[in-house]
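Architecture and fold: a report
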Amino acid sequence: MEVGNDVQPDGYVPVICGLSRTKLQDLERAWDAVRHAKRPRVHTFIATSEIHMKYKLRMTEDEVVENAVAAVKHLRSLGCNDIEFSPEDAGRSDPKFLYRILGEVIKAGATTLNIPDTTGWCLPHEFGELIAAIKKNTPGADNVIISTHCQNDLGLSTANSLAGAQAGARQIECTINGIGERAGNASLEEVVMAIKLRGNDVMKGLHTGIRPVHIYPTSKMVSDYSGMVVQPHKAIVGANAFAHESGIHQDGMLKNRETYEIMSPESIGLPRQEQDRGIVLGKHSGRNALNSRLRTLGYELSQSELDDVFNPGLTGSGQGLGFKALADKKKGITDEDILALMNDELHQPKVIWELLDLQPDKERQARVDIMATVGGMNARALASARAPLCRRALLLPAGRTRVVMRVGEIRRPEYIPNRIDDPNYVRIFDTTLRDGEQSPGATLTSKEKLDIARQLAKLGVDIIEAGFPVASPDDFEAVSRRRFKALADKKKGITDEDILALMSDELHQPKVIWELLDLQVVCGTMGMPTATVQMKGPDGIARIGVGVGTGPVDAAYKAVDSLVRVEAELSDYSVSSVTQGIEALAHTRVMIRPSGKMSDAGYSEHAALGTVQRQFSGSGANEDIVVASARAYVSALNKMIGWMSVAQKVAPRAARATASGGAALASVENGSSAPSAGKDLATSSM
Ligand SMILES: CC(=O)SCCNC(=O)CCNC(=O)[C@H](O)C(C)(C)COP(=O)(O)OP(=O)(O)OC[C@H]1O[C@@H](n2cnc3c(N)ncnc32)[C@H](O)[C@@H]1OP(=O)(O)O
Ligand SMILES: CC(C)C(=O)C(=O)O
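Residues numbered from 1 in each chain as written. Chains lettered and ligands numbered in written order. Predicted model: local features only at pLDDT ≥ 70, side-chain atom pairs only at ≥ 80, totals over all residues. Heavy atoms only, no water.

Turning our attention to helix 10 (residues 287–296). Taken together, the buried positions of helix 10 are Ala289, Leu290, Asn291, Ser292, Arg293 and Leu294. Residues of helix 10 that are buried make contact with helix 9 (247–255), helix 11 (303–310), helix 13 (323–329) and helix 14 (335–341). Looking one or two residues beyond helix 10, the residue adopting positive phi is Gly298, at roughly 100°. (Buried < 20%, exposed > 50% of the residue type's maximum accessible area, 1.4 Å probe, protein only. Helix = DSSP H or I, 4+ residues; strand = E, 2+ residues; numbered from the N terminus. Contact = heavy atoms within 4.5 Å.)

In structure tokens, the structure reads:
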């Protein structure tokens, strides 16, 4: 899908927007980046608070108004007729000055007025009053769209955005997972779901065009790509958002899920087994939750049997370890734990499914052939699961539920830059790719940005702010590549710059330069942890490397380093389990940066931090934590090598910076029979 040009069957195509200061050079670059989109928009801004004007801009009010008006007029003269203007730090600006500057930019041709609470200073009632006052006192405000852009410094960004919409704003700027500068931005998923659930009853019918079933996959993608982990208790998309730990809640959930859930996980694209109901068995669980899980596992217990399993100490049977005692010792009780608890002659399950055949295959999959008698009829099914989950596989057919996701009815009015025909429609303006990427530590490659933009289009966001084109060649490319195919179609002469941008596009894919084939680790209390890896290099030849480290992961990384031979420092490493239990899938994220002889390489400009060394993220998932860790590391190394090869080709500044890194690579190459990343840089940039 060519984001910004391909029209979806219902007529939807997102607006593609680029951000720009009021400087002519920025404006032209931004327009150049977006103008081939079907619906191009430029967003220009200048600060209006006393503190920003005096210390940052060193401009008077009159000069600020003059700059703003000139910028909007210049954009009009370039042919841009969808123009958004923001008075930066509006939340701390004098409202009277805001009415003045906003009135002037409307006269000059602005179509959307965005009101940023840049420092997250306002309380919800204040921000709502500010929006209402702007609508009331700004000449011409009735003929434009008023928008909100709320930062989260006091944790109020979602509340402020909603207060703004209730006061008349019809565009909300937000980011996926709420990522952004400092404490982040209003989170798209929170804003959208609040409007979806409460828009009708308490917000006078407000609604959006977002398709919520795409929320969870989008959140996951942004988190994986940016390396910004979502906190477990984050509203809507956090790992615990639909999990229930305590007995009273679990009991309620089993009786009716609306007792503790105001939306279903399926509605945001997170499938859940119906009979699970998000119940996490643990020390706070009660009998009802335990009994429900036992039934799912095939056990039908009488009340006294259940009491016995739940807490043998209480029933006086005193036989074995009960559920409560086990839960006290262990965080998170899995099906395997329960099966072990029940591994007692007294508690054999009723035979519902009978195992006929079990066949582990080469890919460590177990296939089971099972037979069931359901309602007097014989049924037979084949199921498979990864070894060692043979038992799980047995349970699959009984437990599987098909989750049907409904997109729901979307009422999206025709797109007119300064008008919304439906008075209650709120446009969703996503700024993940610009403001979100301003999160210190977040890095996104062009390919990742394009993937996210595609996902945002699936989600149905009205406007995608794709970047700040003047910031760097990378940012320009990230905005403009959304329409490159269309550019090639329309443009008669493709310039060198176009070709370089396209080339960097190809090279920017985190393509597999080095591939991890096999990994074996020996570790324990005796001796040194040692890892052996087999990897396929850029020349397609498989080689074996060995490393000794302080632990198994360190040893694996050293083994990878012995083959890849680029100098990288691990700046962050985290591991989380995707599912519960001993067989849980480990999900590992790493961040690396060039080091040693290459430490001069990979610099780029960051809005908040100035010149910063780029970091490269990678993630990997596997049942084996060391394999997951090695995959994440190799993926980050591939990204770093890919980025540096592009930097050498398309960005003169980066090329200077990478010169010493390149030399280091070349010297490695000379002394080694393995192909170095340097050789790959040379060949892949041809
Ligand atoms: C609230 C926000 O999120 S705003 C968006 C923040 N995003 C970014 O900054 C994107 C990344 N930024 C960059 O790459 C760089 O800062 C650039 C390319 C935009 C500018 O780089 P430089 O020209 O080297 O300027 P630098 O960043 O050092 O300083 C900013 C300059 O812009 C001026 N400026 C800031 N905002 C504006 C504005 N809206 N309109 C005009 N000038 C502005 C500042 O006063 C300062 O001017 P000075 O150099 O005369 O003192
Ligand atoms: C550019 C503006 C809208 C901004 O990001 C802010 O003020 O926070």
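On we go from here.
Attention now moves to the sheet that holds strand 12 (residues 515–522). Pairing is antiparallel in the open sheet, where three strands are placed in the order 12-13-14. The open sheet is flanked by strand 12 and strand 14 (542–548), the only strands paired with a single partner. Each strand of the sheet is rotated relative to its neighbour by a mean of 20°, with strand direction disregarded. The pairing of strand 12 with strand 13 (residues 530–536) spans seven bridges and is classified as antiparallel. Residue pairing across strands places Gln520 opposite Thr532, the latter belonging to strand 13. (Pairing = 2+ DSSP bridges. Axes fitted to C-alpha atoms, helices over the stretch in contact; angles between N-to-C directions.)

A separate point is the site of ligand 1. Close contacts around ligand 1 come from 16 residues, with Arg21, Thr22, Phe45, Arg434 and Phe468 the closest. For ligand 1, a nitrogen atom lies 2.6 Å from a polar atom in the backbone of Phe45. Take Gln438: an N or O atom from its side chain is 3.1 Å from a nitrogen atom of ligand 1. Starting from 1000 Å² of accessible surface for ligand 1 in isolation, the protein chains cover 61%. Residues that form the shell around ligand 1 fall into these classes: eight nonpolar, three polar and five charged. (Near = heavy atom within 4 Å. Polar contact = N/O pair within 3.5 Å; in protein donor to acceptor, adjacent residues only side chain to side chain. Areas by Shrake-Rupley, 256 points an atom, 1.4 Å probe, with all protein chains shown as cover. Nonpolar A, V, L, I, M, F, W, Y, C, P; charged D, E, K, R; others polar.)

The next subject is the nonpolar core. Of all hydrophobic cores here, the largest spans 83 residues; its most connected members are Ile101, Ile115, Ile428 and Val461. Counting residues per element, this core draws most heavily on helix 4 (residues 95–108), at eight residues. In contact with Val461, not counting residues within four places along its chain, are Tyr12, Pro14, Leu188, Ile210, Ile428, Asp430 and Leu456. Val553, Tyr557, Ala630 and Ile641 belong to the second largest nonpolar core, which has 31 residues in total. (Core = buried A, V, L, I, M, F, W, Y, C linked by side-chain atoms within 4.5 Å.)

The strand order 1-2-3-4-5-6-10-11 describes a closed barrel built from eight strands, whose pairing is parallel. Across the sheet, the mean angle from the axis of one strand to that of its neighbour is 25°, orientation sign disregarded. Two elements, strand 6 (residues 171–174) and strand 10 (residues 427–430), share four bridges in a ladder whose sense is parallel. Bridge pairing links Glu173 to Phe429 in strand 10. Contacting strand 1 (15–20) and strand 2 (40–47), helix 1 (residues 24–34) runs over the sheet at an angle of about 160° to strand 1.

With that out of the way, let us pick up the site of ligand 2. Residues in close proximity to ligand 2 include His43, Phe45, Ser86, Glu88, Asn114, Pro116, Thr118, His149, Gln151, Arg434 and Asp435, which together make up its full environment. Between ligand 2 and His149 there is a distance of 3.2 Å, counted from an oxygen atom to a side-chain nitrogen or oxygen. Calculation on ligand 2 without its partners gives an accessible area of 260 Å², and the protein chains cover 94% of this total. Put simply, the parts of the chain that give the shell around ligand 2 at least two residues each are strand 2, strand 3 (83–88) and strand 4 (112–117). Class assignment for the residues of the shell around ligand 2 results in two nonpolar, six polar and three charged.

Our next topic: the confidence of the model for the chain. Taken residue by residue, the chain gives an average pLDDT of 80. The fraction at 70 or more is 75%. Low pLDDT, under 50, characterises residues 385–407; the stretch is placed with 48 contacts to residues that sit more than four places away or in other chains. Here residues 650–686 scores under 50 on pLDDT; set against residues more than four positions off or in separate chains, the count is 59 contacts. Across the predicted assembly, pTM comes out at 0.70 and ipTM at 0.96. (pLDDT = per-residue confidence, 0-100.)

Scanning all chains against the criterion turns up zero disulfides. You can see Cys150 has no disulfide; the closest cysteine sulfur is in Cys122, sitting 7.7 Å from it. (Disulfide = S-S within 2.5 Å.)

Right, let's talk about helix 8 (residues 215–226) for a bit. The end-to-end C-alpha distance of helix 8, which contains twelve residues, comes to 16 Å, matching closely the 16 Å that a straight helix rising 1.5 Å per residue would cover. With nine of its twelve residues buried, helix 8 lies for the most part within the structure. Taken together, the buried positions of helix 8 are occupied by Ile215, Thr218, Ser219, Met221, Val222, Ser223, Asp224, Tyr225 and Ser226. One or two steps after helix 8, the chain reaches Gly227, where phi turns positive at roughly 80°. (Expected span 1.5 Å × (residues − 1).)

For the rest of this paragraph, the subject is the side chain of Gln171. Within the element layout of this structure, Gln171 appears in strand 6. Overall, the relative accessible area of 0% leaves Gln171 in the buried class. There is a polar contact of 3.3 Å between the side chain of Gln171 and the side chain of Glu84. Beyond its immediate chain neighbours, meaning those up to four positions away, Gln171 contacts Arg41, Glu84, Thr112, Ile145, Ile146, Ser147, Thr148, Val426, Arg427, Phe429 and Ile463.

What follows concerns a nonpolar patch on the surface. Judged by side-chain polarity, Leu570, Tyr573, Val575 and Ile625 come together as a nonpolar surface patch covering roughly 300 Å² of accessible area. The biggest single contributor to the nonpolar patch is strand 15 (residues 568–577), with three residues. (Patch = residues over 30% accessible without salt bridge, like charges linked within 9 Å, V, L, I, M, F, W, Y side chains within 5 Å. Salt bridge = Lys/Arg side-chain N within 4 Å of Asp/Glu carboxyl O.)

Within the secondary structure, Leu130 sits in helix 5 (residues 124–137). You can call Leu130 buried: its relative accessible area is 10%. With 37 residues separating them along the chain, Leu130 and Ala167 place their C-alpha atoms 8.6 Å apart. Sequence-distant contacts of Leu130, that is, excluding residues within four places in its chain, are made with Ala90, Gly91, Pro95, Leu98 and Ile115.

So, about unusual backbone geometry. Despite not being glycine, Asp89 shows a phi value in the positive range, around 65°. For Arg182, which is not glycine, the phi dihedral falls at a positive 50°. Take Arg182: it is sitting in the loop between strand 6 and helix 7 (188–202).

As a further point, take the pairing of strand 11 (residues 463–467). The two faces of a sheet get side chains in turn, since along a regular strand they alternate between them. Counting buried residues in strand 11 gives five out of five residues, a clear majority hidden from the surface. Note that strand 1 and strand 11 share four bridges and pair parallel. Its bridge partner being in strand 11, Gly18 is matched across the sheet by Gly467. Where strand 10 lies against strand 11, two bridges are found, and the strand directions are parallel.

This next bit is on the side chain of His74. Within the element layout of this structure, His74 appears in helix 3 (residues 61–78). Engagement of the side chain of His74 in a polar contact is seen with the side chain of Glu28, the distance being 2.6 Å.

Looking now at the pattern of salt bridges. All chains considered together, the criterion is met by 32 salt bridges. The salt bridge partner of Asp153 is Arg182, with a shortest N-O separation of 2.7 Å. With Asp153 in the loop between strand 5 (145–150) and helix 6 (157–166) and Arg182 in the loop between strand 6 and helix 7, the pair connects residues that are 29 residues apart, well separated along the chain. In this structure Arg182 comes out as partly exposed when scored by relative accessible area, which is 48%. With a closest N to O distance of 3.6 Å, Asp435 and Arg434 form a salt bridge. Residue classification places Arg434 among the buried positions, given a relative accessible area of 11%. A single salt-bridge network, built from bridges that share partners, covers Arg41, Asp82 and Glu84.

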